Amino acid sequence: MSDEQTEMVLVTVDEEKCIGAGQCEMLEEDTFYVDDDTVIAKVIGTGMLERSRANLIVETCPSQAISIVEASAQESPVGDAQEDSGAEEADPS
Ligand code: SF4
(Lines give C-alpha, C1' and ligand atoms only; values in the text may rest on other atoms or scores of the structure.)
Protein backbone atom coordinates (compact mmCIF):
# COMPACT_ATOMS: atom_id res chain seq x y z
CA MET A 1 0.00 0.00 0.00
CA SER A 2 1.41 3.35 -0.99
CA ASP A 3 0.75 6.60 0.84
CA GLU A 4 0.58 8.37 -2.49
CA GLN A 5 -2.37 6.23 -3.57
CA THR A 6 -4.36 6.79 -0.37
CA GLU A 7 -3.53 10.48 0.00
CA MET A 8 -6.64 12.63 -0.24
CA VAL A 9 -6.56 15.62 -2.58
CA LEU A 10 -8.98 18.40 -3.43
CA VAL A 11 -10.30 18.59 -6.98
CA THR A 12 -11.71 21.57 -8.80
CA VAL A 13 -13.54 22.22 -12.08
CA ASP A 14 -12.71 25.07 -14.42
CA GLU A 15 -16.21 26.04 -15.51
CA GLU A 16 -14.81 27.92 -18.51
CA LYS A 17 -13.35 24.70 -19.89
CA CYS A 18 -16.09 22.23 -18.96
CA ILE A 19 -18.14 20.99 -21.91
CA GLY A 20 -20.61 19.05 -19.78
CA ALA A 21 -19.63 15.64 -21.07
CA GLY A 22 -20.43 14.15 -17.68
CA GLN A 23 -17.65 11.61 -17.28
CA CYS A 24 -16.70 13.07 -13.92
CA GLU A 25 -20.24 12.71 -12.60
CA MET A 26 -20.47 9.14 -13.87
CA LEU A 27 -17.23 8.19 -12.14
CA GLU A 28 -17.71 10.11 -8.89
CA GLU A 29 -21.32 11.14 -8.40
CA ASP A 30 -20.65 12.18 -4.80
CA THR A 31 -17.98 14.66 -5.90
CA PHE A 32 -19.17 16.02 -9.26
CA TYR A 33 -22.56 17.23 -10.35
CA VAL A 34 -23.43 18.39 -13.85
CA ASP A 35 -26.06 21.09 -13.60
CA ASP A 36 -29.02 20.29 -15.86
CA ASP A 37 -29.53 23.93 -16.81
CA THR A 38 -25.98 25.13 -17.37
CA VAL A 39 -24.58 21.70 -18.39
CA ILE A 40 -21.47 22.62 -16.44
CA ALA A 41 -19.95 20.41 -13.78
CA LYS A 42 -19.36 21.59 -10.27
CA VAL A 43 -17.66 20.03 -7.29
CA ILE A 44 -20.01 18.97 -4.51
CA GLY A 45 -19.43 17.62 -1.04
CA THR A 46 -15.92 17.87 0.27
CA GLY A 47 -14.33 17.70 -3.18
CA MET A 48 -11.79 15.31 -1.75
CA LEU A 49 -10.72 12.15 -3.55
CA GLU A 50 -7.91 9.67 -3.25
CA ARG A 51 -5.05 10.90 -5.41
CA SER A 52 -5.13 7.85 -7.67
CA ARG A 53 -8.84 8.34 -8.29
CA ALA A 54 -8.40 12.07 -8.80
CA ASN A 55 -5.63 11.43 -11.32
CA LEU A 56 -7.91 9.06 -13.24
CA ILE A 57 -10.70 11.61 -13.37
CA VAL A 58 -8.36 14.42 -14.41
CA GLU A 59 -7.20 12.21 -17.30
CA THR A 60 -10.76 11.20 -18.19
CA CYS A 61 -12.14 14.72 -18.58
CA PRO A 62 -12.14 15.44 -22.33
CA SER A 63 -11.65 19.17 -21.88
CA GLN A 64 -8.97 19.15 -19.17
CA ALA A 65 -11.38 21.08 -16.95
CA ILE A 66 -10.61 19.12 -13.79
CA SER A 67 -7.50 19.69 -11.78
CA ILE A 68 -6.05 18.77 -8.42
CA VAL A 69 -5.54 21.61 -6.00
CA GLU A 70 -2.19 20.86 -4.46
CA ALA A 71 -1.81 21.50 -0.74
CA SER A 72 0.65 24.34 -1.25
CA ALA A 73 -1.88 26.17 -3.41
CA GLN A 74 -4.63 25.65 -0.83
CA GLU A 75 -2.58 27.30 1.88
CA SER A 76 -1.91 30.48 -0.05
CA PRO A 77 -5.16 32.38 -0.20
CA VAL A 78 -5.88 34.53 -3.19
CA GLY A 79 -4.84 37.72 -1.59
CA ASP A 80 -4.27 41.28 -2.44
CA ALA A 81 -0.59 41.07 -3.24
CA GLN A 82 -0.56 44.36 -5.05
CA GLU A 83 -0.50 46.59 -2.07
CA ASP A 84 0.35 50.15 -2.86
CA SER A 85 3.39 51.19 -0.90
CA GLY A 86 2.15 54.74 -0.86
CA ALA A 87 5.71 55.95 -1.33
CA GLU A 88 5.03 58.67 -3.79
CA GLU A 89 7.95 60.91 -4.33
CA ALA A 90 7.35 64.58 -3.95
CA ASP A 91 8.83 66.85 -6.54
CA PRO A 92 11.69 68.65 -4.82
CA SER A 93 11.53 72.05 -6.41
S1 SF4 B 1 -15.74 15.35 -17.37
FE2 SF4 B 1 -14.88 17.41 -17.67
S3 SF4 B 1 -16.03 18.26 -19.37
FE4 SF4 B 1 -17.17 16.49 -18.62
S5 SF4 B 1 -18.64 17.36 -17.16
FE6 SF4 B 1 -16.84 16.74 -16.00
S7 SF4 B 1 -15.57 18.59 -15.90
FE8 SF4 B 1 -17.05 18.92 -17.51
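The residue count restarts for each chain, going from 1 along the sequence in the order it is written. Under the rules for a predicted model, residues below a pLDDT of 70 receive no local features and side-chain atom pairs below 80 are neither given nor counted, while totals for whole chains, interfaces and linings still include all residues.

Caption draft 1: Representation of the pairing of strand E1 (residues 8–13). Of the strand pairs in this sheet, E1 and strand E4 (residues 48–50) are connected by three bridges, and their pairing is antiparallel. What sits directly across from Leu10, in E4, is Met48. A pair of strands counts as paired when DSSP detects no fewer than two bridges linking them. For the purposes of this entry, the term helix denotes a DSSP run of H or I that reaches at least four residues, the term strand denotes a run of E that reaches at least two, and both are numbered from the N terminus. Looking at chain direction, E1 and strand E5 (residues 66–69) are connected through four bridges and run antiparallel. Paired with Thr12 across the two strands is Ser67, which belongs to E5.

Caption draft 2: Highlighting the sheet that holds E1. Reading across from one edge, E4-E1-E5 is the order of the three strands in this open sheet, with antiparallel pairing throughout. Whereas interior strands pair on both sides, the edge strands pair on one side only; in this sheet they are E4 and E5. The average angle at which neighbouring strand axes cross in this sheet is 50 degrees, direction not considered. Contact between two residues is assigned when their C-beta atoms, built from the backbone, lie within 7 Å. Interaxial angle, 0 to 180 degrees, is taken between N-to-C directions of lines fitted to C-alpha atoms, where a helix line uses only the stretch in contact. Contacting E1, E4 and E5, helix H3 (residues 51–60) crosses the sheet at an angle of about 100 degrees to E4.

Caption draft 3: Structural view of the site of the ligand. Any residue whose C-beta atom, as set from the backbone, lies within 6 Å of a molecule or strand is reported as near that molecule or strand. Around the ligand, a shell composed of 16 residues is seen, among which Cys18, Ala21, Cys24, Ala41 and Cys61 lie nearest. Breaking the shell around the ligand down by element, the ones donating at least two residues are helix H2 (23–27) and strand E2 (32–34). Looking at the shell around the ligand residue by residue, the class counts come to twelve nonpolar, four polar and no charged. Here the nonpolar group is Ala, Val, Leu, Ile, Met, Phe, Trp, Tyr, Cys and Pro; Asp, Glu, Lys and Arg are the charged ones; every other residue, Gly included, is treated as polar.

Caption draft 4: Summary view of unusual backbone geometry. Unusually for a residue other than glycine, Val39 sits at a positive phi of about 55 degrees. Structurally, the position occupied by Val39 is in the loop between E2 and strand E3 (41–43). Residue class for Val39 comes out exposed when judged on the 12 C-beta atoms lying within 10 Å of it. Its identity is not glycine, yet Gln64 carries a phi of approximately 50 degrees, on the positive side. Inspection of the secondary structure puts Gln64 in the loop between H3 and E5. Whether a residue is buried, exposed or partly exposed follows from its count of other C-beta atoms within 10 Å of its own C-beta, namely 20 or more, 12 or fewer, or something in between, respectively; the C-beta atoms are built from the backbone.

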